[in-house]
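# Notes for the structure review
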Amino acid sequence: MTDGSLITKVSEATAKDVDLAVAAAQKAVDTTWGLNAPGTLRAELLNKLANLMVQHKGELSAIEALDNGKTFGWAHDTDVTFAIDVIKYYAGWADKITGQTLETDERKLTYTRHEPIGVVGQILPWNFPPLATGNAIVLKSSEFTPLTSLRMAALAHEAGFPPGVLNVLTGYGNTVGAAIAAHPHIEKVAFTGSTLVGRKVMEAAARSNLKEVTLELGGKSPNVVFDDADLEQAVNWSAHGIFWNHGQACTAGSRIFVQAGIYDEFLKRFTERARAIKLGDPFAAGTDQGPQVSQIQYDRIMDYIASGKKAGATVHLGGDRFGTEGYFINPTIFTDTTPDMRIVQEEIFGPVGVVIKFEDEEDVIKQANDTMYGLAAAVFSKDLNRALKTAHKLRAGTAWVNCINQLHANVPFGGYKQSGIGRELGEYALHHYTHVKAVHVNFDHKM
Ligand code: NAD
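Residues numbered from 1 in each chain as written. Predicted model: local features only at pLDDT ≥ 70, side-chain atom pairs only at ≥ 80, totals over all residues.

## A few points about the overall build of the chain
- Along the backbone of the chain there are 14 helices and 18 strands.
- For the chain, whose C-alpha radius of gyration is 23 Å, the value lies close to the compact-globule estimate of 22 Å for 447 residues.
- Taken along the three principal axes of its C-alpha coordinates, the chain extends 75 × 55 × 40 Å.
- Here the chain holds 447 residues, and 49% of them are scored as buried.
- When contacts within the chain are restricted to residue pairs at least 6 apart in sequence, those whose partners lie at least 24 apart make up 69%. (Helix = DSSP H or I, 4+ residues; strand = E, 2+ residues; numbered from the N terminus. Rg over C-alpha atoms; globule rule 2.2 N^0.38 Å. Buried ≥ 20, exposed ≤ 12 C-beta atoms within 10 Å, placed from the backbone. Contact = placed C-beta atoms within 7 Å.)

Next up, the structure:
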C-alpha cells in the first residue's frame, strides 16, 4: 500500500519451474502453436485478448496502481491503453508475416520463410510490464510488480490461447531470471531492465546456447531547450519528461539542457511547474505522483540525492521525502552540476532532474552525447532546421522534437550505446521474433 504495508503475497517460482514452463511452451510450439497455428488464428486470439483487456481496463489499471504506485489515471490512460494498442497492432501483423522469393538461376526456386523461433524468454522490469506476442513465451515479471502479468495470464487463458503458449512465473532475478537467460532450450530472450542486469543476461546467453538477445535498458536522456522554444510548452513537456511516472521511466528526460539566454526564466517556470505536482494516494482524483515502487528504490534515489549534495551541486527544489510514511519523494531539481557527477551520468530512476546551461548547438550536442546511454532525446525549438539538425546529431534510438515520452505501437523503440540492442514495437520488432530460413529448390535434380 502507499504507507509501505503489504498488499498480498505471491508464490515464488524457482529454476525448476522454468524447466516446467519451457517444457510446456515447447509442447505448445510442437503441437498447437508455432507453425501449427495459422496467422489468422493467432490474430483472432490476440484480438480476443485485447478485447478482454478493454472489458477489464479499470481492473487492470487498479492492479497496476496498487502494485506499482503509479496513479490510477496514468495506468488507465497510458500503460493499459498502450498495452491494448500493442496487442491489437501485432494481431494485425499475425497473418501478414511473409518471406521473399529470390532470383538465383532458372533451374531453381529460392525463397525465405519467417518461422517462429520457438520458446522465447521475457524478463520484465516493474515500471511498464510489457507484453510480447508470437512464439511461446516464458515470462518472468518483476518481483516488485507481479500482479498484472498474473491477471493477464488468466485473461489469455479466457481468450482461448492453447495451454503452454503463455507461461508467467513470479520470482526473483537471480534465480528465475538467471535460469531463463541460461536455459538451453530457450532460443531467444528479450530483457527489459537495467544495463547492469542486461549485461549479465547477455553473458548467460553467450555461455549457455548463444540464444538471441534483445535488450531494452536504461537511459539518461537529454532534454534540450533552445532559446527560441515555446517556453511555456517546453516547461510543461520538460516537467512531464522527468516527473512522469515518478521519474521511473527509462526514457525520462533527466538531463535538462537550457540555452543560456532563457536559463533563468526557464528555471523559474520549471520550478513552479514542479512545485505544483500533487503527491498522494494514486487512487485519489487529482494526484499526479504516488510513491516510488519500493523501499529499495526509495533508498537508491535518496542515495543519489545525497551524492549530488556531497559533490557540490545545488538542490534547487525538493531533495527530501514527502510526508512521513510510504516511499514518496518530492520532485527534485539540481543545478550547478559538473559533467562528472553521478547525478549527471547515472540513471536515478526517480523524480530527480538536473538543469544544465549551454551556449550553442555545438556545446549542447557535445554535452548531451557525453553519456554511456543512448535511449532517447528531446529537442525544443521553433526553428525546425535547428531542431532537426540537433535531433540527428544526438546519439539516441528515439528523438522527440517539441514533445517527449511519446510511444506508439507502430514506431520502433530501442537504444543506442549501452541503452540496448534491437528494437521493440513496430515492424522492426518482428525481425527479432522470427528465424529466417532460406529454401533452395533444384527443379531438375542435376548437379
Ligand atoms: P532490473 O534490471 O533490476 O530488473 C529487471 C528484471 O531483471 C527483473 O525482472 C529482475 O528480477 C530481473 N533480474 C535481476 N537479476 C537478474 C539476473 N541475474 N538474471 C536475469 N534476470 C535478472 O531493473 P528494474 O529496476 O526492475 O527496472 C528499471 C530499469 O529498467 C531501469 O534501468 C530502466 O531504465 C529499465 N527499463 C528500460 C526500458 C526500455 O524499454 N528501454 C523499459 C522499462 C525499464
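## Here's the deal with the packing of helix α2 (residues 39-55) against helix α5 (residues 147-159)
- Between α2 and α5, the least distance of the axes is 9 Å, while the angle of their chain directions is 125 degrees. Here α5 runs oblique to α2, going by the angle between their axes. Like other packed secondary-structure pairs, α2 and α5 cross with a definite hand, here right-handed. Where α2 abuts α5, its residues Leu45, Lys48, Leu49, Leu52 and Met53 lie against Leu155, Ala156, Glu158 and Ala159.
- By residue class, the composition of the contact of α2 with α5 is seven nonpolar, no polar and two charged. (Axes fitted to C-alpha atoms, helices over the stretch in contact; angles between N-to-C directions. Parallel < 35°, antiparallel > 145°, perpendicular 65-115°, else oblique. Left-handed = near helix turned anticlockwise from the far one by under 90°. Nonpolar A, V, L, I, M, F, W, Y, C, P; charged D, E, K, R; others polar.)

## Things to note about the site of the ligand
- Pro125, Gly173, Gly177, Gly193 and Cys250 are the nearest of the 31 residues found near the ligand.
- Residue assignment for the shell around the ligand shows that the elements contributing at least two residues are α6 (173-182) and α7 (195-207).
- If you tally residues by element for the shell around the ligand, the top one is α6, at five residues.
- Here the residues of the shell around the ligand are counted per class, giving 14 nonpolar, 12 polar and five charged.
- Formed jointly, the shell around the ligand draws a minimum of three residues from each of two domains, domain 1 (15-217 + 415-440) and domain 2 (222-401). (Near = placed C-beta within 6 Å. Domains from an automatic or database assignment.)

## Quick notes on the domain arrangement of the chain
- Taken domain by domain, the chain holds domain 1 (15-217 + 415-440) and domain 2 (222-401).
- One C-alpha centre belongs to domain 1, the other to domain 2, and the line joining them spans 31 Å.
- If you look at the interface, domain 1 gives 15 residues, while domain 2 gives 19 residues.
- Within the residue set of the side of domain 1 that touches domain 2, elements represented by two or more residues are α3 (57-68), α4 (72-93) and β16 (416-417).

## A closer look at α5
- Between its first and last C-alpha, α5 extends 19 Å over 13 residues, near the 18 Å set by a 1.5 Å rise per residue.
- Along α5, the residues that are buried comprise Leu147, Thr148, Ser149, Met152, Leu155 and Ala156.
- Tucked into the core, α5 has its buried residues touching α2, α3, β4 (136-141) and β5 (166-170).
- Just downstream of α5, glycine 160 is the residue with a positive phi angle, here 105 degrees. (Expected span 1.5 Å × (residues − 1).)

## So, the UniProt feature "active site" (unreviewed entry) in the chain
- Here, UniProt's "active site" (unreviewed entry) annotation points to Glu216.
- With respect to the element layout, glutamate 216 can be found in strand β7 (residues 212-216).
- Beyond its immediate stretch of four places on either side in the chain, glutamate 216 contacts Thr192, Gly414, Gly415, Gly420 and Glu424. (UniProt positions renumbered as here; feature names shortened; annotations may be inferred.)

## Thoughts on the nonpolar core
- Of all hydrophobic cores here, the largest spans 67 residues; its most connected members are Ala25, Ile87, Val138, Ile180, Val189 and Val201.
- No other element matches α4, which puts 11 residues into this core.
- When neighbours within four sequence positions are excluded, valine 201 is seen to be in contact with Ile123, Ala181, Val189, Phe191 and Val213.
- With 55 residues, the next largest nonpolar core counts Val224, Trp244, Val354 and Tyr373 among its residues. (Core = buried A, V, L, I, M, F, W, Y, C linked by C-beta atoms within 7 Å.)

## Some details on the sheet that holds strand β9 (residues 255-259)
- Read from one edge to the other, the open sheet built from seven strands follows the order β10-β11-β12-β9-β8-β14-β15, with strand pairing classed as mixed. The open sheet has two edge strands with one neighbour each: β10 (314-317) and β15 (398-401). Sheet twist, expressed as the average angle between the axes of neighbouring strands with direction ignored, equals 25 degrees.
- Relative to strand β14 (residues 376-380), strand β8 (residues 222-225) runs parallel, the two being bridged by three bridges. Pairing of valine 224 across the sheet is with valine 379, part of β14. (Pairing = 2+ DSSP bridges.)

## Things to note about the sheet that holds strand β18 (residues 434-442)
- Across the sheet, which stays open at both edges, the three strands sit in the order β1-β2-β18 with antiparallel pairing between neighbours. Pairing within the sheet leaves two strands with one partner each, and these edge strands are β1 (101-102) and β18.
- For β1 and strand β2 (residues 108-116), the ladder comprises two bridges, and the chain directions are antiparallel. If you follow leucine 102 over to β2, its bridge partner there is threonine 110.

## With respect to the environment of leucine 430
- Examined against the element boundaries, leucine 430 turns out to sit in helix α14 (residues 426-430).
- When the 16 C-beta atoms within 10 Å are taken as the criterion, leucine 430 is described as partly exposed.
- For the pair leucine 430 and histidine 114, spaced 316 residues apart in sequence, the C-alpha separation works out to 9.6 Å.
- If near-sequence neighbours (up to four positions away) are discounted, leucine 430 is found in contact with Trp93 and Ile97.

## Structural notes on the pairing of β18
- Burial analysis of β18 places just zero of its nine residues in the buried class, a small minority of the element.
- Both β2 and β18 contribute to a ladder of nine bridges, which runs antiparallel. Its bridge partner lying in β18, glutamate 115 is registered against histidine 435.

## Observations regarding the environment of alanine 181
- As for its position among the elements, alanine 181 is in helix α6.
- Here the alpha-carbon distance between alanine 181 and valine 355, two residues 174 residues apart in the chain, equals 38 Å.

## Some remarks on unusual backbone geometry
- In this structure, asparagine 245 takes a positive phi of about 60 degrees despite not being glycine.
- Along the chain, asparagine 245 turns up in the loop between α8 (231-243) and β9.

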